[in-house]
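Descriptive structure summary
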Amino acid sequence: MKSRLGPGIVLVVVLLTVPLSRVPFVPESRGAEQGTLGEQSLWDWAVVEAAAESAPRSLPLLGDEAPVASPIPVSGAHPEGWTAAETSVSRLGAGERGGLCGVPLEVIEWEEEQANQQPPMLSASYSYPPALDWRSYGGMDWTTPIRDQGECASCAAFATAGAIESRVEIAQGNAGLNPNLSEGHMFFCGCGSCCGSGWYPNQAMDFARDTGVVDEVCFPYADQNQSCDLCGGWRSRVTQISDWEGITSVDEMKQTLVDHGPFLATMRVYTDFFDYAGGVYAHTWGALEGGHAVTIVGYDDYQGYWIAKNSWGTGWGEAGWFRIAYGECAIESYAYVPILPEASYHLSTSTTPSQGGTIDSNPSDCASDTCEPGTEVEMVASPNPGYEFTGWSGDASGGDEVTTIFMDSDKNVAAHFIFPCDGCVPQLFVPLALNQ
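Please read these numbers as outputs of a predicted model, since none were measured by experiment. (Residues numbered from 1 in each chain as written. Predicted model: local features only at pLDDT ≥ 70, side-chain atom pairs only at ≥ 80, totals over all residues. Heavy atoms only, no water.)

1. Notes on the overall build of the protein chain
Defined as follows: Only runs of H or I of at least four residues qualify as helices and only runs of E of at least two qualify as strands under DSSP, and these elements are numbered from the N terminus. Whether a residue is buried, partly exposed or exposed follows from its accessible area with a 1.4 Å probe, protein chains only, as a fraction of its type maximum: under 20%, in between, or over 50%, in that order. Any pair of residues with heavy atoms lying within 4.5 Å of one another is described as a contacting pair. Accessible areas in this description were obtained via Shrake-Rupley with a 1.4 Å probe; residue shielding takes into account the shown protein chains only.
In terms of helices and strands, the protein chain carries seven helices and 21 strands. Residues counted as buried form 48% of the 436 residues belonging to the protein chain. A separation of at least 24 residues holds for 71% of the contacts in the protein chain among residues at least 6 apart in sequence. For the protein chain, the accessible surface area stands at approximately 20900 Å², while carbon and sulfur atoms represent 50% of it.

Listed below in structure tokens is the structure:
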């Protein structure tokens, strides 16, 4: 049996074998509301192998050398194909499917215009490796768990939170930090009653910059419109970005992913995407359902795909994650990249006893305010009259009155003094004014 899928594509039924590329058999019709295929069940799939009559699409294969802006494609590199099956969202009706797609299509059209207007960066060079996956980097997972937006078009908030959470872990060098930002705070306080309409990714990024995002405990998420009701003292619980930027160059997307971590991207969602159960997705059949926001966490130039975090729960895709072929569904037209505040550290100093002496630091701003990572600070302990310096404690050590520390984190330093007079009490030295 043969069925024509499109120009140059032939579907051939294969029995009891696992093909290299697996896509669902495309029926002639699909019910709009109940997710049915006429008299055929939606999940009575035939396993098929897609064979292209023309040469396969070439994708870049990057070597060990730093890639340039437009690497030369290597013939033969192509995605492995994907598998369709019943998922947690397969049985949703058309209206419910639309609720999972919260990015207005006009946004994606605008992004594509920006990408088309971007001139090539002929002189740029990059140092990203041929593959990266922040779920397993250095033997650790630098992403946060899959979450479920439910039947609310809040994907922009989930994709923004996912990118910021991972970037916080990466910036602090702590894969176990596992921050849980409140998508509800971002969505319902930043957009309002928008479960039925969705939100713009740039506005989600603006909210994370201008207001910040509290933790999930402070504002628990629910997949229905709710008022902006925050916990007490919420301002002290926000995680805030300093800014965000938009990127249209695929090379820059990969470089920022390597340098600083995940970012938000949008994509067009077609009907078949709801039945994605694994593999490297490429749009195969079905109507356009809407626009969607996801978090990009990796890429693979060997097989030509992006790795992304979705917000449809773990019952969809590869336990909530998915891989999508380069160039598919406008996934790489535009990247929304959150920028975290640059790290700065504070130096806290104290003396024991408090009247025993003073500490002078240079530069002084580390103690009076904050200073940049790696700043070298010289500290001098000066005993008051009658006292002697005995040594440092905390993040400094030694018995010399002059010591140096490097600011690679917040530091606490104490200088210790003694009054070496047995059986006497230190006196307060006060200059006297003599009468002329």
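2. Notes on the sheet that holds strand S16 (residues 347-352)
Using the following cut-off: Whether two strands pair comes down to DSSP finding at least two bridges between them. Orientation is described by axes fitted as lines to C-alpha atoms, over the contacting stretch for helices, and by angles from 0 to 180 degrees between their N-to-C directions.
Read from one edge of the open sheet, three strands run S16-S21-S19, paired in mixed fashion. Of all strands in the sheet, those bounded by a partner on one side alone are S16 and strand S19 (388-394). In this sheet, adjacent strand axes meet at a mean angle of 20 degrees when their direction is disregarded. The sheet contact formed by S19 and strand S21 (residues 411-418) spans six bridges and is antiparallel. Across the sheet, the residue bridging to Ser393 is Ala414, located in S21.

3. Re empty space enclosed by the protein
Worth spelling out the cut-off: Put plainly, a pocket is an open set of points on a 1 Å grid over the protein atoms alone with protein on both sides within 12 Å along at least five of seven lines, a cavity is a set where a 1.4 Å probe fits but cannot get out, and a lining residue has an atom within 4 Å of a point. Grid points are joined across faces, edges and corners, and a volume is the space filled by probe spheres set on the points. By the convention adopted, Pro, Cys, Tyr, Trp, Phe, Met, Ile, Leu, Val and Ala count as nonpolar, Lys, Arg, Asp and Glu as charged, and the other residues, Gly among them, as polar.
Overall, the coordinates contain one cavity of 30 Å³ or more when judged by the stated rule. Volume-wise, the largest cavity comes out at about 90 Å³. For the lining of the largest cavity, the secondary structure elements donating two or more residues are helix H3 (155-172) and strand S12 (288-300). In terms of residues, the lining of the largest cavity owes the most to one element, H3, which gives four residues. Across the lining of the largest cavity, the residue classes tally to six nonpolar, four polar and three charged.

4. Looking at H3
Rules: Multiplying 1.5 Å by the residue count of a helix minus one yields the expected span of that helix.
Helix length check: H3 (18 residues) gives 26 Å between terminal C-alpha atoms against 26 Å at 1.5 Å per residue, within 8%. For H3, the buried fraction is high: 16 of the 18 residues fall into the buried class. Phi for Gly173, located one or two positions after H3, is positive at around 65 degrees.

5. As for the confidence of the model for the protein chain
Rules: The score called pLDDT rates the predictor's confidence residue by residue, from a low of 0 to a high of 100.
Per-residue confidence for the protein chain averages 82 on the pLDDT scale, and 78% of its residues sit at or above 70. Between residues 1-76, whose pLDDT stays under 50, and residues either more than four places distant or in other chains, the model counts 145 contacts.

6. Things to note about the state of the cysteines
A disulfide bridge is the covalent bond that connects two cysteines by way of their sulfur atoms. Counted only if it meets this: When two cysteine sulfur atoms are found within 2.5 Å, that pair is recorded as a disulfide.
One pass over the structure, following the stated rule, counts five disulfides. Each sulfur in the disulfide pair Cys191 and Cys194 lies 2.1 Å from the other. Taking the torsion about the S-S bond as the criterion, the Cys191 to Cys194 disulfide, at about -95 degrees, is left-handed. Judged by relative accessible area, which is 26%, Cys191 ranks as partly exposed. According to the relative accessible area criterion, Cys194 is buried, its value standing at 8%. Bridging Cys366 to Cys371, the disulfide has an S-S length of 2.1 Å. The sign of the 115 degrees torsion about the S-S bond sets the Cys366-Cys371 disulfide as right-handed. The pair Cys366 / Cys371 is uniform in exposure class, with both members buried.

7. Considerations on the packing of H3 against helix H4 (residues 183-190)
Put simply, the rule is: When describing relative orientation, an angle under 35 degrees is termed roughly parallel and one over 145 degrees roughly antiparallel, while 65 to 115 degrees is termed roughly perpendicular and anything else oblique. Throughout, a crossing is termed right-handed when the near helix is turned clockwise from the far one, and left-handed when it is turned anticlockwise from it by less than a right angle.
Running from amino to carboxyl end, H3 crosses H4 at an angle of 135 degrees, the nearest separation of the two axes being 9 Å. Here H3 is positioned oblique relative to H4, judged by the angle of their axes. Note that H3 runs across H4; the crossing there is right-handed. The segment H3 lies against H4, with Ala157, Phe158, Thr160 and Ala161 engaging Glu183, Met186 and Phe187. Residues of the contact of H3 with H4, tallied by class, amount to five nonpolar, one polar and one charged.

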